[in-house]
Every structure is written in structure tokens, then in C-alpha cells.
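Here is what each chain is made of, one letter per residue.
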Amino acid sequence: MTVIIGMDPHKRSATIEVVDERARVLAVGRYGTEKTGYAQIVAAGRKYADRVWAVEGCNGIGKHIAHRLLHDGETVLDVPAKLSA
């Protein structure tokens, strides 16, 4: 089952929502963006083998977290802020 992990990043926190192909919400969470919080974000996502991260603003506020995910081998898509409303 493929899941999309939508992320709304902020300077000191990030909120994620995991949805399946039927748009059912499987999990939600809010985490810090420091080392411990980032590890919790990744652990929450890695519960799902087939996953894609959809991060709002990869060229803006989400850049720091998107780069970390890419560095850790995750698939990351940029979601422009206009489309996340």
C-alpha cells in the first residue's frame, strides 16, 4: 500500500499526516525539527514501506527538512504553498 506523508513545516516544528490511496488518514503527528524531533518524524514515516513525502515549500520554509529527508534516502515531492490550502 502506497502512502503519502503530507508535511506542513514550520521553523521549529512540522506537522505530518499519513494518507493512503483512498485518502484515509492513517496517522497524524506534530514534531520538533531538532535532531530528536526529526528522528521521530522519520520513524513515523518508516512504519510504511511504500511512502512518498509531500513537503510544503521545499524551496522555502520546508527546505531544511526536505534536504534532510533526501539525504536519508527518502522520496520527497514539493507542494507549493498555493496548493496546500
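Here goes a summary of the coordinates provided. Since this is a predicted model, take the numbers as computed values, not measurements.

**Some thoughts on unusual backbone geometry**
Even without being a glycine, A23 presents a positive backbone phi close to 65°. With respect to the helices, strands and loops of the structure, A23 is situated in the loop between β2 (13-19) and β3 (25-32).

**A word on the pairing of strand β5 (residues 76-79)**
Here strand β4 (residues 50-56) pairs with β5 via 4 bridges, running parallel. Pairing of A54 across the sheet is with L77, part of β5. The handedness of the β4 to β5 crossover, carried by helix α2 (residues 63-71), is right-handed.

**Quick word on helix α1 (residues 35-45)**
If you check which residues of α1 are buried, you get G37, Y38, I41, V42, A44 and G45. Across the axial projection of α1, the buried residues extend over an arc of 160°, all falling on one side. Looking at α1, the residues exposed on the side facing more than 90 degrees away from the buried face are K35 and T36. Of the surrounding secondary structure, the elements contacted by the buried residues of α1 are β1 (2-9), β2, β3, β4 and α2.

How each quantity is defined
Chains are numbered independently. Their residues run from 1 in the order of the written sequence. For a predicted model such as this one, the threshold for reporting local features is a pLDDT of at least 70, and the threshold for listing and counting side-chain atom pairs is 80 or more; totals across whole chains, interfaces and linings nevertheless cover every residue. The basis for every side-chain value is the complete set of non-hydrogen atoms in the structure, without hydrogens or water. Counting from the N terminus, the helices are DSSP H or I runs at least four residues long and the strands are E runs at least two residues long. Only strands joined by at least two bridges in the DSSP assignment are considered to pair. By the criterion used throughout, a crossover qualifies as right-handed when its path from the first strand across the helix to the second strand runs clockwise, the strands pointing away from the viewer. Buried, partly exposed and exposed residues are distinguished by accessible area as a fraction of the type maximum, computed with a 1.4 Å probe on protein chains only: under 20%, between the cut-offs, and over 50%, respectively. An arc is given here, and it is the one of the directions from the helix axis to the C-beta atoms. Note on contacts: a residue pair is in contact if any heavy atoms of the two residues lie within 4.5 Å.

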